[in-house]
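Analysis of the macromolecular model
So you can see what is in the structure, the chains are spelled out below.
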Amino acid sequence: MRFAFLSRAFSLAVLALTLASCAGERENRGAYKVGQPYQIDGVWYYPKEDQFYDETGIASWYGEDFHGKNTANGERYDMDALTAAHRTLPLPVIARVTNLENGRSVLVRVNDRGPYARGRIIDLSRRAAQLLGVYDKGTARVRVQYEGRAEIGGAPPTGGVETASTLPSDVHAAPIHTVARGELAPPPGAAAAPPHTTAPPVRVASTVPVAGAPSELVPDGVVTTVAVPTRTQLWVQVGAFQARANADRLVVHLSQLGAARVSNLSQNGRALYRVRFGPLANVEDADAMLNKVIGQGENGAQIVVD
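Let us look at the structure shown here. (Residues numbered from 1 in each chain as written. Predicted model: local features only at pLDDT ≥ 70, side-chain atom pairs only at ≥ 80, totals over all residues. Heavy atoms only, no water.)

Spatially, β15-β16-β14-β17 is the arrangement adopted by the four strands of the open sheet, whose pairing is antiparallel. Unpaired on one side and paired on the other, β15 (261–267) and β17 (302–305) mark the two borders of the sheet. On average, adjacent strands in this sheet sit at an angle of 45 degrees to one another, irrespective of strand direction. Pairing of strand β14 (residues 234–241) with β17, which is carried by four bridges, proceeds in the antiparallel orientation. Opposite Val236, over in β17, you have Ile303 as the bridge partner. Seen against the sheet, helix α4 (residues 283–295) touches β14, β16 (270–280) and β17 and runs at an angle of roughly 35 degrees to β14. (Pairing = 2+ DSSP bridges. Helix = DSSP H or I, 4+ residues; strand = E, 2+ residues; numbered from the N terminus. Axes fitted to C-alpha atoms, helices over the stretch in contact; angles between N-to-C directions. Contact = heavy atoms within 4.5 Å.)

Written as structure tokens, this is what we have:
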């Protein structure tokens, strides 16, 4: 009888461990989600589908403190995988991150929310930061572009450093028309990209379709070297308006902080008037100006790169 009892107890224990393991696997598979609006330090963020997402700003990275913990969509954060955290993109999706300081560009799986520090637009995993040349510096000027939905239920591949300089491509660096551009040296061990004969640099089409789901993508671990502006500028953008009068009123409201500039931009055939401070010498100066602007009640201000 005692043997039967112990055998039954052992079987129940094994079953419990098996169920716990299965539950953990289901939990780590994650799910596709857009998410509800949320607030960080008085700023509201509104997650949404945005296949045209394309912004510049400052990237940071996160590592050991979060390694092994669940991400915002229920996956497990792996600091050695090509992943990232973003405030508003759906989870998980694939984004291309280009370091505008050295021309390195890589695909990442966005599966977490963040950054939580002001003035940053994306938090990279440690591995992504290493490949992009952000790891040692801590931050970098980047461009972030939506690529497509990510595979659900698969572990993000860690990837290796390769060059894709011989593939056809179509990505521009930061949206600048007046700054001279030049070719950069490739990452160590990679072949140089062929010279561009036209001004706009290009993005390598280095995406891998997921079996059975042609519309989905996975990071492929390819580090592309693209042409970037020889010099970029940092700005604190406070707002963008369709009416010039609204931009002028904001300039007056912020006059005690210095002379804000109003620059116009054509977007989808419409004129936008952007209120900005800058150009600023470095990230530290941009952070300081951003905090001053937010201190005036302009919580939606952000750092951008041109």
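Compared with the 18 Å implied by 1.5 Å per residue over 13 residues, the 18 Å span of α4 between its first and last C-alpha is a close match. All buried positions along α4 are accounted for by Val283, Ala286, Asp287, Met289, Leu290, Val293 and Ile294. One face of α4 carries all of its buried residues, which in axial projection span an arc of 170 degrees. Turned more than 90 degrees from where α4 packs its buried face, Glu284 and Gly295 sit exposed. On its buried face, α4 sits against β3 (54–61), β14, β16 and β17. Here α4 starts with a cap whose side-chain oxygen sits 3.2 Å from the backbone nitrogen of Glu284, and that cap is Asn282. Positive phi shows up at Gly297, right after α4, with a value of about 90 degrees. (Expected span 1.5 Å × (residues − 1). Buried < 20%, exposed > 50% of the residue type's maximum accessible area, 1.4 Å probe, protein only. Arc of directions from axis to C-beta. Polar contact = N/O pair within 3.5 Å; in protein donor to acceptor, adjacent residues only side chain to side chain.)

To continue, consider the pattern of salt bridges. For the structure shown, the criterion picks out 10 salt bridges. The salt bridge involving Asp287 is made with Arg120; its shortest N-O contact spans 2.9 Å. Here Asp287, found in helix α4, pairs with Arg120, found in the loop between β6 (104–112) and β7 (122–124); they are 167 residues apart in sequence, far enough to count as distant. You'll find Asp287 and Arg120 in the same group, each marked buried. Asp248 serves as the salt-bridge partner of Arg244, at 2.9 Å between the closest nitrogen and oxygen. Linking Arg244 with Asp248, this pair stays in helix α3 (residues 244–253), spanning four residues, or about one helical turn. By relative accessible area, which is 39% here, Arg244 ends up partly exposed. On the basis of relative accessibility, which here comes to 32%, the residue Asp248 falls in the partly exposed class. Overlapping salt bridges, with partners in common, bring together Arg274, Arg276 and Asp306 in one network. (Salt bridge = Lys/Arg side-chain N within 4 Å of Asp/Glu carboxyl O.)

It is worth spelling out the side chain of Asp123 at this point. One can find Asp123 in strand β7. The side chain of Asp123 sits in the buried core without any salt bridge; Arg120 is the nearest counter-charge, 7.2 Å away. One polar contact links Asp123 to Ser60, side chain to side chain, over a distance of 2.4 Å. Engagement of the side chain of Asp123 in a polar contact is seen with the backbone nitrogen of Trp61, the distance being 3.4 Å. (Lys, Arg positive; Asp, Glu negative; His and termini not counted.)

Read these as geometric descriptors, not functional statements.
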